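So the chains spell out like this:
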Amino acid sequence: MTSIGAVAVGAACLLSACGGGGSGSDTSASSSAGAPAGGTDASGIKLINPGKLTTCTNLPYEPFQFKEGDKTVGFDVDIVDLAAKKLGVTQDIVDIDFAVIKSGAALNAGKCDVAAAGMTITDERKKNMLFSDPYFDATQALLAKKGTGVKSLDDVKAKNLKLGAQASTTGLDYVKGKGFNPTEFADSPKELLGLQSGQADVIVQDLPVVLTWLKKPEIADKFELVASLDTGEQYGIGMKLGNDALAKTINDEIAKAKSDGTYEQIYVKWFGKKPGELGVS
């Protein structure tokens, strides 16, 4: 998820009285040991809220982050929890508009320490935020009504079908780069609803999200994955530019999890397959 966006001028307005998107907050499960008063943990990393690693995300984006009862869970939540536990704090999740996240405005305004929202690392975004090492290899996919006969974006164009995409995402940027002018939907649930209601015949979305949708019988009965678009994307956790100490902790924990098997366990938990096998039937 994510698009190529410039830093929003007037970020303070977006993030306060004029802000859009969700504003809920909840704490995920991690170590209960709090940071010292003043917001600086034992490693000297200053956090915006004492005892908490505050994460900005945009809900829902299953299986990366979504609500399960009153708790936010998902692959991204578990990855960030690795760093929270290392720091001896709990992870607190803030639901906020994705455009404000990917522009770096949320981080610059002190709304969160990190941004984890299934966010693709791009050169444009690197101008606005510091990224962790990649923690997920992503690709796009096409979901279509059964019987369309679509196998590629070329087929969508040849059949003059209506294409939909989520606003502010690299999927949207990708299809625009291929000459399409898709209908834009504010978030992934609205995009799926657009497909179901006939506003779009085909939609482009991150492959793991599409595969999660297709686990639901009411979706799988009427729609099918028709193509995987190898866009070579990788997700990263965003931080404010210059926050190198926090970035080092997150990178160290990602590397440790990949070496000791923890990463694979988290991956299988949320995707049902090992890394490298996603999308393989």
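This section reports on the structure supplied with the text. Note that this is a predicted model, so its numbers are computed, not measured.

Reading guide: rules and limits
- Residues numbered from 1 in each chain as written.
- Predicted model: local features only at pLDDT ≥ 70, side-chain atom pairs only at ≥ 80, totals over all residues.
- Heavy atoms only, no water.
- Phe/Tyr/Trp six-rings, centres within 6.5 Å; stacked < 30°, edge-to-face > 60°.
- Helix = DSSP H or I, 4+ residues; strand = E, 2+ residues; numbered from the N terminus.
- Buried < 20%, exposed > 50% of the residue type's maximum accessible area, 1.4 Å probe, protein only.
- Lys NZ or Arg CZ within 6 Å of the ring centre and 35° of its normal.
- Core = buried A, V, L, I, M, F, W, Y, C linked by side-chain atoms within 4.5 Å.
- Contact = heavy atoms within 4.5 Å.
- Polar contact = N/O pair within 3.5 Å; in protein donor to acceptor, adjacent residues only side chain to side chain.
- Disulfide = S-S within 2.5 Å.

Let us now look at the packing of aromatic side chains. Given two aromatic rings, one states the distance between the centres and the angle between the planes to describe the pair. Following the criterion strictly, the structure yields 17 aromatic pairs and no others. Here the aromatic rings of F75 and F136 are separated by 5.7 Å at their centres, their planes lie at 65°, and the arrangement is edge-to-face. In this pair, F75 sits in helix α2 (residues 75–87) while F136 sits in strand β8 (residues 136–145), placing the two residues 61 residues apart along the sequence. Residues F75 and F136 agree in their burial class; the two are buried. Pairwise contacts between aromatic rings join Y61, F64, F75, Y135, F136, Y235, Y263, Y267 and F271 into one cluster. When the ring centre of F180 is taken as origin, the NZ or CZ atom of K157, which lies over that ring, is 4.9 Å away.

This part takes up the nonpolar core. Core analysis: the biggest nonpolar cluster contains 47 residues, and L53, F75, I79 and F136 have the highest contact counts within it. Elements that contribute at least two residues to this core include exactly α2, β8, α8 (188–196), α9 (207–213), β12 (223–235), α11 (244–260) and α12 (262–271). The greatest single-element share of this core, amounting to seven residues, is contributed by α2. Leave out the neighbours within four places in its chain, and F75 touches P63, F64, Y135, F136, Y263, I266, Y267, W270 and F271.

A few words now on the side chain of Q91. Inspection of the secondary structure assignment puts Q91 in strand β5 (residues 90–95). For Q91, a relative accessible area of 1% corresponds to the buried category. At 3.1 Å, the side chain of Q91 and the backbone oxygen of V77 are in polar contact. Side-chain polar atoms of Q91 contact the side chain of D81, separated by 3.2 Å.

Take T120: it is sitting in the loop between β6 (114–115) and α5 (123–126). Under the relative-accessibility criterion, T120 is labelled buried at 3%. Among the polar contacts listed, one links the side chain of T120 to the side chain of E233, at a separation of 2.7 Å.

This brings us to the state of the cysteines. Per the counting criterion, the structure on display carries one disulfide. C56 shares a disulfide with C112; S-S distance 2.3 Å. One quick way to see it: the torsion about the S-S bond of C56 and C112 is about -105°, and its sign makes the bridge left-handed. Pair noted here: C56 is in strand β2 (residues 52–57) and C112 is in the loop between α4 (105–108) and β6, with a separation of 56 residues, a long-range link. The same class applies to C56 as to C112, namely buried.

Turning to unusual backbone geometry, a few remarks are in order. P60 follows L59 through a cis peptide bond whose omega is -10°. With respect to the element layout, P60 can be found in the loop between β2 and β3 (66–68). For the bond running from E62 to P63, omega is 10°, close enough to zero to count as cis. The topology assignment puts P63 in the loop between β2 and β3. In the Ramachandran plot, N160 falls in the positive-phi region, its phi being about 55° despite a non-glycine side chain. Following the sequence through the fold, N160 ends up in the loop between α6 (153–158) and β9 (163–166). One non-glycine residue, S168, adopts positive backbone phi at about 60°. Among the structural elements, S168 can be located in the loop between β9 and α7 (170–177).

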